[in-house]
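In case you want the letters, here they are:
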Amino acid sequence: MSYIGSFLKERSRQRPDALALHCDDRVWSNRAFTDWVCQLKVELRKRSVAGDRIALDCHRADALLAGFFAVAGIRRTAAVLDPRSNLDAKTANTLAAASALLLDDDFICREASHGERGPLAVFSSSRDRSADRPSLEDSFYIGFTSGTTGVAKGYMRSHGSWLHSFQIIEELLGFNEKDRVLIPGPLAHSLHLFGAVHALHVGASVYAQSAFHPRRSLEMLRQGRCTFAYATPTQLLTLKKLAGQERYPCVRTILVGGAEWTEDMAATVKPMFPNAHILTFYGASETSFISMRRPGEVLPTGSVGKPVPGVIVDVRAADGAHLPAGEVGRLWVAGPQNFQDYVGAAKDQLLREGEFICVGDLGYFDANGYLYVTGRENRMIITSGVNVYPAEIEQVVLRIPEVLDCAVGAKVDAKRGWVPVLVAHLCDHAEDDISDFILKSCRKELGPVKAPRQLLIHKEPLPLTPSGKMDYKAIDRFIDDQN
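What this report covers is the structure whose coordinates are included nearby. Quantities reported herein were computed from a predicted structural model and do not represent experimental measurements.

So, how was this worked out
Residues numbered from 1 in each chain as written. Predicted model: local features only at pLDDT ≥ 70, side-chain atom pairs only at ≥ 80, totals over all residues. Heavy atoms only, no water. Helix = DSSP H or I, 4+ residues; strand = E, 2+ residues; numbered from the N terminus. Contact = heavy atoms within 4.5 Å. Core = buried A, V, L, I, M, F, W, Y, C linked by side-chain atoms within 4.5 Å. Buried < 20%, exposed > 50% of the residue type's maximum accessible area, 1.4 Å probe, protein only. Pairing = 2+ DSSP bridges. Axes fitted to C-alpha atoms, helices over the stretch in contact; angles between N-to-C directions.

### Looking at the environment of Phe 478
Phase 1: Relative to the elements of secondary structure, Phe 478 occurs in helix H14 (residues 472–482).
Phase 2: In this structure, the C-alpha to C-alpha distance between Phe 478 and Val 423, residues 55 residues apart in sequence, is 8.7 Å.
Phase 3: Residue contacts for Phe 478: discarding those within four places in its chain leaves Val 423, Leu 456, Ile 457 and His 458.

### Observations regarding the nonpolar core
Phase 1: Of all hydrophobic cores here, the largest spans 81 residues; its most connected members are Phe 33, Phe 68, Ile 108, Trp 162 and Ile 169.
Phase 2: Per-element accounting of this core gives the leading share, 10 residues, to helix H3 (residues 61–72).
Phase 3: Residues in contact with Trp 162, not counting those within four places in the same chain, are Ile 4, Phe 68, Phe 140, Tyr 141, Arg 157, Leu 193, Phe 194, Val 197 and Ser 288.

### Focus: the sheet that holds strand E14 (residues 306–307)
Strand pairing in a sheet relies on backbone hydrogen bonds, with the paired strands running either antiparallel or parallel.
Phase 1: The strand order across the open sheet formed by nine strands is E2-E1-E9-E8-E10-E11-E12-E13-E14, and the pairing between neighbours is mixed. Every other strand in the sheet has two partners, leaving strand E2 (26–29) and E14 as the edge strands with one partner each.
Phase 2: Here two bridges tie strand E13 (residues 288–292) to E14, and the two strands are oriented antiparallel to one another. Following the sheet pairing, Ser 291 is matched in E14 by Pro 307.
Phase 3: Docked against the sheet, helix H7 (residues 159–173) engages strand E10 (228–231), strand E11 (253–256), strand E12 (277–284) and E13, running at close to 30 degrees with respect to E13.
Phase 4: Lying on the sheet, helix H10 (residues 233–243) is in contact with E10 and E11; it crosses E10 at an angle near 115 degrees.

### Notes on the sheet that holds strand E17 (residues 341–343)
Phase 1: Pairing is mixed in the open sheet, where six strands are placed in the order E5-E3-E4-E6-E7-E17. Sheet topology places strand E5 (101–104) and E17 at the edges, where each strand pairs with a single neighbour. Geometrically, the sheet is characterised by an average inter-axis angle of 30 degrees between neighbouring strands, direction not taken into account.
Phase 2: In this structure, strand E7 (residues 153–158) lies alongside E17, joined through three bridges in antiparallel fashion.

Written as structure tokens, this is what we have:
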């Protein structure tokens, strides 16, 4: 039966000296990495039982990956902590996950002494026992996301949910064991972790970084090593700024996630990767991929694409009634990629009806089956009795070249209840009258009710959460401070 990491030993036997992982300045062959994982399994069996949850607090990406595969491969669940978090946050997440053990870099790296024992000895001492062999339904991963509210929430995934997501990437994007994957880090970002684990699972080579080092990433690209990449918009724009006019034709696919990706961003980055499909997707930590832009596909303006194979999206009103094309409602998602449940205090917050779950996103389908996401239910603004979704304002504003980034919050208004407030980070060459132009553009496209009533200029880049998403809690504080 297939599970996360089930093919590591097979790859090690078939291609022992092939590159598995290049992390920072360390290189691991298939045999060396698999031996490391197997030795960790031996040690973890001494200290835990099947079903235990084990927290991983690792600054080193290679240590995190070795620990992750070892934990997942013996029916334990890896709770991945963000090493950049403070002690209070780590403690809260460890308790939320009900972790029986906590592993750090020191413990995991002590077991990397694969040279002291032959690979056959390691294999024979760490054979997968029937009681420890995971099933598709077994949990293997707990991640933590602050989302856009700044409140940490733990979510638990099964082997089967990620294996289905792996299949989507392989079928739609042609990903296979011959690919060489750039993961610019950090692996606490769930998309980066997903990309690295998928690559190692199928036998592809991973070029990972414990933290984002743009010059090191460029060096890997210059050497023609990478064919596939997972990156955030900020990472890609940083690489473009440093690379200048350099081109990297080796890359054929880039999957972008973690924050808004605009057409202007795509136009800036595309010359750097002349042969690459730069693709976006809509998904969540709880669901993985829901919809995706396919290679060569031109999406209608504002659309996040059509649902991926195996995923069903239903748009429903607040009373649960199905809504027709063009009407905004809650997005309910069903499919084998859905997560199991939240952990800790968030455990009872999941909206579930049968096979469908809802994570609070709002959106609609057009007549041609393309999906549009208008925002999150808890960010919706009711002004003069009209529902306003921050995303629809942000999409209009981000089309203005002088706007580097923006976010929409709200403030109290005596007549209207609440009114939208736009916070924007502008480029250095913006004209003095750009604020009036932005507000007029919003009124023209959205109408006087939905258009923001106030524009606040944020001189520095807008605040992001550790996972790279807009920190709306900080945006709300900034609006309050300015009013």
